[in-house]
Amino acid sequence: MNGLIEQTGIVDASSSNTQVTFPIVYKSNYFPYFGYQSDNSNSINHRALGVYALYNTDLPLTGFTVYGSSVMRRFWMTRGY
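Caption draft 1: Structural context of the nonpolar core. One finds Ile5, Val11, Val20, Phe22, Tyr26, Tyr30, Leu59, Phe64, Val66 and Trp76 forming the largest nonpolar core, which totals 10 residues. Among the secondary structure elements, those contributing two or more residues to this core are strand S1 (5-11) and strand S5 (63-66). In this structure, Trp76 is in contact with Gln7, Thr8, Gly9, Ile10, Val11, Val20, Phe22, Tyr33, Phe34 and Phe64, ignoring residues within four places of it in sequence.

Caption draft 2: Summary view of the packing of aromatic side chains. The full count for this structure, using the stated rule, is 6 aromatic pairs. Both rings, one in Phe22 and one in Tyr26, keep their centres 5.2 Å apart while their planes meet at 90°; by these two values the pair is edge-to-face. Across the pair, Tyr26 and Phe22 agree in class, each one buried. With 5.4 Å between their ring centres and 85° between their planes, Phe64 and Trp76 make a pair best called edge-to-face. With Phe64 in strand S5 and Trp76 in strand S6 (residues 72-80), this residue pair connects regions lying 12 residues apart in the sequence. A relative accessible area of 8% places Phe64 in the buried class. The class of Trp76 is buried, set by a relative accessible area of 8%. Counting every residue linked through ring pairs, the aromatic cluster contains Phe22, Tyr26, Tyr30, Phe64 and Trp76.

Quick notes on the rules
Residues numbered from 1 in each chain as written. Predicted model: local features only at pLDDT ≥ 70, side-chain atom pairs only at ≥ 80, totals over all residues. Heavy atoms only, no water. Core = buried A, V, L, I, M, F, W, Y, C linked by side-chain atoms within 4.5 Å. Buried < 20%, exposed > 50% of the residue type's maximum accessible area, 1.4 Å probe, protein only. Helix = DSSP H or I, 4+ residues; strand = E, 2+ residues; numbered from the N terminus. Contact = heavy atoms within 4.5 Å. Phe/Tyr/Trp six-rings, centres within 6.5 Å; stacked < 30°, edge-to-face > 60°.

Next comes the structure, spelled out in structure tokens:
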């Protein structure tokens, strides 16, 4: 193994910010991927996926904050070392 760590999770819709704490702390850096699925209002179900701060080396190695959204369920994935 080369030490690559991959972690995933889901944050339910909430108007409050949610703190995500990694079960395994990264040692150097990681790349976060985020996506969301909005509510099904007006028979429209929106989905998106994006990479956040690809070159940002200032991300905390222990976790991050997901900002509140009362209509979107968010998923995340991180990969790093």
